[in-house]
Amino acid sequence: SDIKDKFDDEFDAYVAEFKAAYEEEAGESISKEEAEALFVEEFADAKVKELCVVNWDTNVDGEISLAEAAAVTDIGTIFKGKNITSFDELIYFTGLTSIGEEAFSYCDSLTSITIGKSVTSISSLAFSSCSNLSQIVVDENNTVYDSRDNCNAIIETGTNTLIAGCKNTIIP
């Protein structure tokens, strides 16, 4: 289908970008398959990593590879009400196109989140009752949403509609 082809193309582009960065930093060449098997960098929040491993560690190695992260298409309400502090690694979940109603609601300790370029739908209630959320970043390559001028908000680009804000939001 067209959606699967688009996802495959985006994932391949992401892996190629990651592979190039890895090779530059490590000073060694790796194959595409080796790049796909590399793990998401250390999760800043151990609880987020635990929830991700429990739900999406398909090869049961206790880690989340880039391929496993990219295969996630729906996070549901797995994080709702959980004691998580940050989820900036969400950008590695390149198959995720939608963040649904109450996906992160009642995450009172959540302070930081980064929305990836593949997300094209975010419920206005996705971050309800996240009273300590202070940093929201949207990947600059996202075509539907932005967080222009470091405004700490999610803005629907086409309509300039505020979707979600936080305690440090500055309306541009």
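Above this note sits the structure.
Residues numbered from 1 in each chain as written. Predicted model: local features only at pLDDT ≥ 70, side-chain atom pairs only at ≥ 80, totals over all residues. Heavy atoms only, no water.

Asker: Could you give me a rundown of the sheet that holds strand β1 (residues 86-87), with the residues and numbers involved?
Answerer: What holds strands together in a sheet is hydrogen bonding between their backbones, with the strands either parallel or antiparallel. Spatially, β1-β3-β5 is the arrangement adopted by the three strands of the open sheet, whose pairing is parallel. For this open sheet the edge positions go to β1 and β5 (135-138), each flanked by a neighbour on one side alone. (Pairing = 2+ DSSP bridges. Helix = DSSP H or I, 4+ residues; strand = E, 2+ residues; numbered from the N terminus.)

Asker: Tell me about the sheet that holds strand β7 (residues 154-156), and please be specific about residues and values.
Answerer: Overall, antiparallel pairing links the three strands, which are arranged β6-β7-β8 in an open sheet. Of all the strands in the sheet, the pair left with one neighbour each is β6 (145-146) and β8 (161-164). Relative to β8, β7 runs antiparallel, the two being bridged by three bridges. Following the sheet pairing, Ile155 is matched in β8 by Leu162.

Asker: Summarise the environment of Ser105; cite the residues concerned and give the values.
Answerer: Among the structural elements, Ser105 can be located in the loop between β2 (98-99) and β3 (112-115). In sequence terms Ser105 and Phe127 are 22 residues apart; their C-alpha atoms lie 4.7 Å from each other. Ignoring any residue separated from it by four or fewer positions in sequence, one finds Ser105 in contact with Lys80, Gly81, Leu125, Ala126, Ser128 and Cys130. (Contact = heavy atoms within 4.5 Å.)

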